[in-house]
Amino acid sequence: MHILLKNVKVIAPSSPFHGQQKDISIQNGIIQQVGDHLEDARATVISGENLHVSAGWMDIFAHFCDPGLEHKEDLRTGVKAAATGGYTTVMVVPNTQPALHTKPQIEYVLSQTRHAAATVLPIGAITKNLEGNGLAEMYEMQQTGAVAFSDGLKPVQSPGLLLKALQYIKAFDGTLIQLPDDQSISAHGLMHEGIYSTQLGMPGKPALAEELIIQRDLELARYTDSRIHITGVSTRKSIELIAAAKAAGIKVTCSVTPYHLSLTDGQLVSYDSNLKVNPPLRSADDVQAIQEAVVHGTVDCFATHHVPQEWDAKQVEFEYAKNGMIGLESSFGVIRNYLPQLPLEQHIVMLTEKPRAIFKQPQPAIQEGAAANLTIFNPAAEWEFTNDHIASRSKNSAYIGSTLKGKVIATVNGPIFHVNK
């Protein structure tokens, strides 16, 4: 496989070519040459207006539903959705059936995705079968290839159990991921508790359900001096709590979703079930706080929270619709469109260097002799997001029909080359 990228602008602060327009020649998954006016008669040429290249992007929280829920997504369609969205590495949550809570389940995910357009890194469960009772075999899973630990979409509720887990992972300097949701508070809440929940007559879920868990988990991380990552942060106070914890030296990092920085609870007046997510869409003030936290650097990276749901799970009354939205294919365009004040270089670092640093993954290099792990994109292209752009098995996106800014052209993950239509 020979690939030639023509006149691409390199966005990679750690590369000597950062900010330069270059040609890049790739053969059999290896970057052979970075230079000017390169030619290769045998190569597939990628050229076009305003092309940029960076290290391949990484997502840290996606649901590929495999094994057990393949009617929503499977590893093959999940990988295709990831590559379509510019991601060459994806961490997948353990909320499968059976859950990713033992060594054989971790081995299954790794073996099924060994030579794929996107590298799939399993997140091992913290508790056995995600039941929130006893700890799962985290050490065995870590030795097999689990990259972090979380109960994914069912966050650990017991403080005692989370304390034990935080102590346990210190043996191998691991990281726990928590979705901030106290499920004992307004368990039947359908949306953010506020003016709109009152107007719409829907049971609300207060911001308190998120903020209490964050406060608790930060104290547990302080006590154990262990690493925790909080994903799906969605309120102003949550951001303030995390910023204060970072300043105090607690080993905490955090990520936000594209939808929490672009959509508000006011949009639920449409009763669009694709807007039903957890944590729920928040107030305009919260969205502003999230956007500011991204630009100011309090937020470490992005997480798509790609949660596929089949047609039947969403095309019901709002009350009965399942939570979740797909996000891999639209993420880049949503963030560039709704957060134009975010400098491109900072955006790319939050997709490449930051997530890999948090979860101790090797940083791809854009230099001769390095394995090619690249995303090629046009950050200024405006386009309408349609069903045709979705590679996932499920189509539950609130952005269908929206104009997005920033388009992924192709990805290279070693010898695997993916080009978008």
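Residues numbered from 1 in each chain as written. Predicted model: local features only at pLDDT ≥ 70, side-chain atom pairs only at ≥ 80, totals over all residues. Heavy atoms only, no water.

Draft legend 1. Geometry of the packing of aromatic side chains. Summed over all chains, the structure comprises eight aromatic pairs. Ring centres of W57 and F332 lie 4.6 Å apart, and the angle between their planes is 35 degrees; this geometry places the pair in the tilted category. Taken together, the residues span a long stretch of sequence, with W57 in strand β6 (residues 57-62) and F332 in helix α10 (residues 331-338) at a distance of 275 residues. Taking the relative accessible area as the measure of exposure, W57 reaches 0% and is therefore buried. What links up through ring pairs into an aromatic cluster is the set W57, Y87, F332 and F377. A cation over a ring is seen here: K276 above F318, with NZ or CZ 5.7 Å from the ring centre. (Phe/Tyr/Trp six-rings, centres within 6.5 Å; stacked < 30°, edge-to-face > 60°. Helix = DSSP H or I, 4+ residues; strand = E, 2+ residues; numbered from the N terminus. Buried < 20%, exposed > 50% of the residue type's maximum accessible area, 1.4 Å probe, protein only. Lys NZ or Arg CZ within 6 Å of the ring centre and 35° of its normal.)

Draft legend 2. Structural detail: the pattern of salt bridges. In total, this model carries 14 salt bridges according to the counting rule given. Of the charged contacts, one joins K6 and E39 as a salt bridge, the two residues approaching to 3.8 Å between their closest N and O atoms. With K6 in strand β1 (residues 2-10) and E39 in the loop between β3 (30-35) and β4 (44-46), the pair connects residues that are 33 residues apart, well separated along the chain. Salt bridges sharing partners connect three or more residues here, namely K6, D23 and E39. (Salt bridge = Lys/Arg side-chain N within 4 Å of Asp/Glu carboxyl O.)

Draft legend 3. Summary view of the UniProt feature "domain: Dihydroorotase catalytic" (unreviewed entry) in the chain. Within this structure's numbering, the places UniProt gives as "domain: Dihydroorotase catalytic" (unreviewed entry) are residues 56-237. Here residues 56-237 is 34% helix and 18% strand, with 33 Å between the C-alpha atoms at its ends. (UniProt positions renumbered as here; feature names shortened; annotations may be inferred.)

Draft legend 4. Quick peek at the environment of Y271. As for its placement among the helices and strands, Y271 is situated in the loop between β14 (252-256) and α8 (284-296). Residue class for Y271 comes out partly exposed when judged on its relative accessible area of 44%. Counting along the chain gives 220 residues from Y271 to L51, while the straight-line C-alpha distance between them is 39 Å. Leave out the neighbours within four places in its chain, and Y271 touches L200, M202 and F318. Engagement of the side chain of Y271 in a polar contact is seen with the backbone oxygen of L200, the distance being 3.5 Å. (Contact = heavy atoms within 4.5 Å. Polar contact = N/O pair within 3.5 Å; in protein donor to acceptor, adjacent residues only side chain to side chain.)

Draft legend 5. Representation of a nonpolar patch on the surface in the model. A cluster of nonpolar side chains, namely I195, Y196 and V269, defines an oily patch on the protein surface of about 290 Å² accessible area. Tracing the backbone shows V269 in the loop between β14 and α8. (Patch = residues over 30% accessible without salt bridge, like charges linked within 9 Å, V, L, I, M, F, W, Y side chains within 5 Å. Areas by Shrake-Rupley, 256 points an atom, 1.4 Å probe, with all protein chains shown as cover.)

Draft legend 6. Here's a closer look at the environment of F172. Residue placement: F172 occurs in the loop between α4 (159-168) and β10 (175-178). Look at F172 and you get buried, because its relative accessible area is 16%. For the pair F172 and Q142, spaced 30 residues apart in sequence, the C-alpha to C-alpha distance is 8.3 Å. Leave out the neighbours within four places in its chain, and F172 touches M138, Y139, Q142 and F149.

Draft legend 7. Representation of the side chain of D40 in the model. Residue placement: D40 occurs in the loop between β3 and β4. It turns out D40 is buried and unbridged, and the closest side chain with the opposite charge, R42, is 4.2 Å from it. Engagement of the side chain of D40 in a polar contact is seen with the side chain of H2, the distance being 2.9 Å. Setting aside residues no more than four positions away along its own chain, D40 makes contact with H2, L4, S25 and Q27. (Lys, Arg positive; Asp, Glu negative; His and termini not counted.)

Draft legend 8. Region of the structure containing unusual backbone geometry. Following Q97, the chain continues into P98 via a peptide bond in cis, with omega recorded as 0 degrees. For the peptide bond that leads from N278 to P279, omega is -5 degrees, which places it in the cis range. Mapped onto the fold, P279 is located in the loop between β14 and α8. Its identity as a non-glycine residue notwithstanding, N129 has a phi of 55 degrees, on the positive side. Mapped onto the elements, N129 comes out in the loop between β8 (119-124) and α3 (138-144). N129 sits in the partly exposed class, given a relative accessible area of 35%. Residues other than glycine seldom take positive phi values, yet D225 does so here, at roughly 55 degrees. Within the element layout of this structure, D225 appears in the loop between α6 (208-224) and β13 (227-231).

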